[in-house]
Amino acid sequence: YSSFIDDLRVYVRGGTGGMGYPNLGGEGGRGGDVWFVARERATLKSIKEKYPQKRFVAGTGGNSSVKALKGEKGKDCEVHVPTGISVLDDEGKQIGELNAAGERFLAARGGLGGSLATNFLPCKGQRRTVHLDLKLIADVGLVGFPNAGKSSLLSKMSHAKPEIANYAFTTIQPELGKIMYADYKQISVADLPGLIEGAHANKGMGHKFLKHVERTKQLLLVVDISGFQLSIKTQFRTAFETILLLTKELELYKEELVTKPALLAINKMDLPCAKDNLDKLMTQLQNPHDFLHLLEEEMIPANTVEFREVIPVSTYTGEGIEELKTCIRKSIDEEAEQANEEYRKKKLLLLQTWK
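Residues numbered from 1 in each chain as written. Predicted model: local features only at pLDDT ≥ 70, side-chain atom pairs only at ≥ 80, totals over all residues. Heavy atoms only, no water.

By the naming in an unreviewed UniProt entry, the protein goes by GTP-binding protein 10 and is assigned to Ptilonorhynchus violaceus. As stated in UniProt under Sequence similarities (unreviewed entry), the record for the protein gives "Belongs to the TRAFAC class OBG-HflX-like GTPase superfamily. OBG GTPase family." Recorded in UniProt for the protein, the comment headed Subcellular location (unreviewed entry) runs: "Nucleus, Nucleolus". (UniProt positions renumbered as here; feature names shortened; annotations may be inferred.)

1. Comments concerning the pattern of salt bridges
In the structure shown here, the tally under the stated rule is 23 salt bridges. For aspartate 76, the salt bridge is made with lysine 73, and the minimal N-O distance between the two is 2.6 Å. Ionic pairing is found between arginine 104 and glutamate 78, a salt bridge with its closest N-O pair at 2.9 Å. Remark: glutamate 78 occurs in strand 4 (residues 77-82) and arginine 104 occurs in strand 7 (residues 104-108); sequence separation between them is 26 residues. We classify arginine 104 as partly exposed; its relative accessible area is 41%. On the basis of relative accessibility, which here comes to 39%, the residue glutamate 78 falls in the partly exposed class. (Salt bridge = Lys/Arg side-chain N within 4 Å of Asp/Glu carboxyl O. Helix = DSSP H or I, 4+ residues; strand = E, 2+ residues; numbered from the N terminus. Buried < 20%, exposed > 50% of the residue type's maximum accessible area, 1.4 Å probe, protein only.)

2. Structural notes on a nonpolar patch on the surface
Where nonpolar side chains cluster on the molecular surface, the patch consists of Leu348, Leu350, Leu351 and Trp354 and spans about 470 Å² of accessible area. As for its position among the elements, leucine 350 is in helix 6 (residues 321-354). By relative accessible area, leucine 350 is classed as partly exposed at 43%. (Patch = residues over 30% accessible without salt bridge, like charges linked within 9 Å, V, L, I, M, F, W, Y side chains within 5 Å. Areas by Shrake-Rupley, 256 points an atom, 1.4 Å probe, with all protein chains shown as cover.)

3. Details of the sheet that holds strand 5 (residues 85-88)
By definition, the strands of a sheet pair up through backbone hydrogen bonds, in either a parallel or an antiparallel sense. The five strands are arranged 3-1-8-5-6 in an open sheet whose pairing can be described as mixed. Edge positions in the sheet fall to strand 3 (55-57) and strand 6 (94-98), since each of these pairs with one other strand and no more. When the angles between neighbouring strand axes are averaged without regard to direction, this sheet yields 25°. Examined bridge by bridge, strand 5 and strand 6 share four bridges and lie antiparallel to one another. Residue pairing in the sheet places serine 86 in a bridge with glutamate 97 of strand 6. (Pairing = 2+ DSSP bridges. Axes fitted to C-alpha atoms, helices over the stretch in contact; angles between N-to-C directions.)

4. Focus on helix 5 (residues 274-286)
Given a rise of 1.5 Å per residue, 13 residues ought to cover 18 Å, and the 18 Å separating the end C-alpha atoms of helix 5 matches this to within 8%. The set of residues buried in helix 5 consists of Ala274, Leu278, Leu281 and Gln284. Buried residues of helix 5, seen end-on, are gathered within an arc of 125° and therefore sit on one face of the element. Among the exposed residues of helix 5, those oriented more than 90 degrees off its buried face are Lys275, Asp276, Lys280 and Gln286. (Expected span 1.5 Å × (residues − 1). Arc of directions from axis to C-beta.)

5. Remarks on the pairing of strand 5
The two faces of strand 5 match: Ile85 and Val87 on one face and Ser86 and Leu88 on the other face are all buried. Where strand 5 meets strand 8 (residues 127-134), four bridges bridge the pair, whose relative direction is antiparallel. When the bridges of strand 8 are listed, leucine 88 appears paired with histidine 131.

6. Comments concerning the side chain of serine 64
The residue serine 64 is located in the loop between strand 3 and strand 4 in this model. There is a polar contact of 2.6 Å between the side chain of serine 64 and the backbone oxygen of leucine 69. Those residues in contact with serine 64 that sit more than four places away from it in its chain are Met19, Gly20, Tyr21, Gly26, Glu27, Gly28, Leu69 and Gly71. (Polar contact = N/O pair within 3.5 Å; in protein donor to acceptor, adjacent residues only side chain to side chain. Contact = heavy atoms within 4.5 Å.)

7. Some details on the packing of helix 2 (residues 150-157) against helix 6
Where helix 2 meets helix 6, the closest approach of the two axes is 10 Å, and the angle between their N-to-C directions is 80°. On the basis of the axis angle, helix 2 is roughly perpendicular to helix 6. On helix 6, the residues that touch Leu153, Lys156 and Met157 of helix 2 are Ile321, Leu324, Lys325 and Ile328. Tallied by class, residues from the contact of helix 2 with helix 6 come to five nonpolar, no polar and two charged. (Parallel < 35°, antiparallel > 145°, perpendicular 65-115°, else oblique. Nonpolar A, V, L, I, M, F, W, Y, C, P; charged D, E, K, R; others polar.)

Here's what the structure looks like:
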C-alpha cells in the first residue's frame, strides 16, 4: 500500500515583501503566493518524489529603488496536486478543497512590501504546515469484502487492468476504471480495496479505504454468492450476512454513506448451487427484518441499504456484465436528472421571490 499515497504533509511559505525606499516614498513589491492547482494526472506520490523536502516557498518581492519606486511582486509558487484533494490545517480542520482540474487554492499569502504604513520595512509571508488529503472522486465505488471479485468485475466492465489473484488482500490500492458506452458516455468506477469486519475502527486498512467511499456518487456492493470467510480463524458469512456487515461498516464509519444510491452485484454465479443460493438471498433481501436474528446484535446495521437493482453476474463467464453496465448507466442518469430537477426548482423559487 505504501506505493499509493493519499495523505501528504507539506510546509508552505509566502514570499517576504521587498524593501521600501524611505527617501522617495517608494514601496517594495509584495511577496509571491503559494498556490495549490488541481491537475488531471498529478499524484501525491509524484509531489513527494519531486520535492522530497516537501517545502514550498514563494519568491521575495522586489526592492524599491530610484529606477523603480514600486518594487515587482515576488514570483508565485504553484504546486500541481491531483483532483479530489482536501486541504487540512495542522489541527485537522478543512480549509479548502480542489475537486476539478484547474481549481486553485491559496495556501500561503506573500508578505506586504515596505511602505509608509510599515515604516518602509517588508513583512514576512504567511507560513504554515498543511495536509493534502486525497479522496478519489468517482461516479461509482465498488464495495465488498476481499475476494468478492471486485477487481475482476472492474476489468470486465472497463479498461482498467487491476492485479487479480486468489488471496485475501488482492487489491492494496484504489484502482480507477472507466466504463465506455456506445454513445461515448463515460462513467468512472473506483475499486475500493477489500474491507474487513472492524474496518470502521481502522482494522486492516480501515479508514484509508473507507474515506474514498465518501467522494463516490453511488455505491456498487459486490458480494460472493457462496459467502465469505477471511481466514480459518474467522467466522464464515453467507451472502446475506456479508451485505449486512458491509452496511454496518459503512454506517459506523459515516452514517450518510448508507443513504447513497446503491446497486448490488451478486458475483460468482457460475459456481455450483449458485442458483439455489440466489433464490434464498432474494427472499432474505425482500424481508430483511425476518432474518436479522442470524447475526449477532452488535453487527446488525441500524438501516438496511435500499438497492435500486440486484444483478447476478459472473466475471468468469461474463454473464450479467452488460446488464450491470446498463443498470449503472440508468442509475447515474436518473440521479443526474433528479439533481437537475432540484436545481431548476431552486432557480424558479429564487425568480419568484425576486418578483
